[in-house]
Amino acid sequence: MQPHQFWQELLPPAPAETAAHDAAHDAAYPARLADGRRLLLPIRPLGDNGEGLASLIINQASFAVTRALAEDLSARLAPLRPEIIVGLPTLGLTLAAAVAEALGHSRYVPLGNSRKFWYEDALSLPVSSVTTPGQQKRLYIDPRMLPLLEGRRVALVDDVISSGQSIVAGLSLLKQCDVRPVAIAAAMLQTSRYVEALAAFDADIVENIHACFATPLLVRGSDSLWRSA
């Protein structure tokens, strides 16, 4: 598969016998949705230590794939009756908007990394992520959006939860606004490293994380194939 072809279509469920032996991967990891459909994700090496991660860049995905992921998440969130979706930048905004629309909402609240002149420093905090190492940014909420959150059931949405740094930053910023989400949602849980960071911030919120699929830490073997660590 060519690099530009990833994230463009969902494959049908694999036969049981194939799935049972599908433990070694060459360049792509087949993430599985609840209904069995698969999305091939490119595997990115983590430096030279033989470890790798399956990758999802949702704003490069086809509209059909984005819609399918949003519908999956909206079905998971619907029983919790969220009244407003908050999206984390940058890639989480694509998914958050689609989830809000799938839930029948007319809008959502996007957080941002760019400071507009009317923003307030008290409604911001520093943030970094696994995909932007060494880049220190700030996370902002437009103060004009606060009335949309007051007294409402909020769900916080990101594209991928990996180290947990970005989602904890989002939770921290919402806490500054006196908001505690009823749920966290993402297309992908990338390994389980996020659990420690989230549990340290709010142990109870860990039980309210919803995702379309999860992917493990991968290790490259002597045969150059990737397997779950």
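Residues numbered from 1 in each chain as written. Predicted model: local features only at pLDDT ≥ 70, side-chain atom pairs only at ≥ 80, totals over all residues. Heavy atoms only, no water.

Draft legend 1. Highlighting helix α3 (residues 91–102). Taking 1.5 Å as the rise per residue, α3 with 12 residues should run 16 Å; its terminal C-alpha atoms sit 18 Å apart, in good agreement. Of all the positions in α3, only G92, L95, A96, A98, V99 and A100 are classed as buried. The elements touched by buried residues of α3 are α2 (63–77), β4 (84–87), β8 (154–161) and β9 (183–190). Backbone geometry just downstream of α3 places G104 in the positive-phi region, at approximately 90°. (Helix = DSSP H or I, 4+ residues; strand = E, 2+ residues; numbered from the N terminus. Expected span 1.5 Å × (residues − 1). Buried < 20%, exposed > 50% of the residue type's maximum accessible area, 1.4 Å probe, protein only. Contact = heavy atoms within 4.5 Å.)

Draft legend 2. Structural context of the pattern of salt bridges. Inspection of the entire model under this criterion finds 6 salt bridges. The partner of R227 in a salt bridge is D223, and the shortest N-O contact between them spans 2.8 Å. Residue D223 is classed as partly exposed on the basis of its relative accessible area, which comes to 39%. (Salt bridge = Lys/Arg side-chain N within 4 Å of Asp/Glu carboxyl O.)

Draft legend 3. Unusual backbone geometry, seen in detail. P89 connects to T90 through a cis peptide bond whose omega is -5°. With respect to the helices and strands, the residue T90 is situated in the loop between β4 and α3. Of note, the phi angle at W7 is positive, near 65°, even though the residue is not glycine. The phi angle at T191 is positive, at roughly 65°, despite the residue not being glycine. Relative to the helices and strands, T191 is located in the loop between β9 and α6 (194–201). Judged by its relative accessible area of 10%, T191 is buried.

Draft legend 4. Here's a closer look at the packing of aromatic side chains. Applying the stated rule across the entire model yields 4 aromatic pairs. Ring geometry for F6 versus W7: centroids 6.3 Å apart, planes at 50°, classification tilted. Comparing F6 with W7, the two get one shared label, buried. Centroid distance W118 to Y119: 5.7 Å. Interplanar angle 85°. Geometry classified as edge-to-face. With a relative accessible area of 35%, W118 lands in the partly exposed category. Put simply, the rings of F117, W118, Y119 and Y140 pair up and form one aromatic cluster. (Phe/Tyr/Trp six-rings, centres within 6.5 Å; stacked < 30°, edge-to-face > 60°.)

Draft legend 5. Quick peek at the nonpolar core. In this structure, L41, L56, L69, I85, L95 and F213 are the most contacted members of the largest nonpolar core, which totals 38 residues. Breaking this core down by element, the ones donating at least two residues are β1 (28–32), β2 (38–45), α2, α3, β8, β9 and β10 (209–215). Among the elements that line this core, the one with the most residues is α2, at 6 residues. Among the nonpolar cores identified, the runner-up in size contains 33 residues, and L88, L125, V127 and L149 belong to it. (Core = buried A, V, L, I, M, F, W, Y, C linked by side-chain atoms within 4.5 Å.)

Draft legend 6. Representation of the pairing of β10 in the model. Taking burial as the measure, the 7 residues of β10 include 6 buried ones, the bulk of the element. Remark: the β9/α6/β10 crossover connection has right-handed handedness. (Right-handed = clockwise from strand over helix to strand, strands pointing away.)

Draft legend 7. Highlighting the packing of α2 against α3. Where α2 contacts α3, the axes come no closer than 8 Å and their chain directions differ by 60°. Classed by the angle they form, the pair α2 and α3 counts as oblique. Here α2 runs over α3; the crossing is right-handed. Between α2 and α3, the contacting residues are T66, L69, A70, L73, S74 and L77 on the first element and T94, L95, A98, V99 and A102 on the second. In terms of residue class, the contact of α2 with α3 is built from 8 nonpolar, 3 polar and no charged. (Axes fitted to C-alpha atoms, helices over the stretch in contact; angles between N-to-C directions. Parallel < 35°, antiparallel > 145°, perpendicular 65-115°, else oblique. Left-handed = near helix turned anticlockwise from the far one by under 90°. Nonpolar A, V, L, I, M, F, W, Y, C, P; charged D, E, K, R; others polar.)

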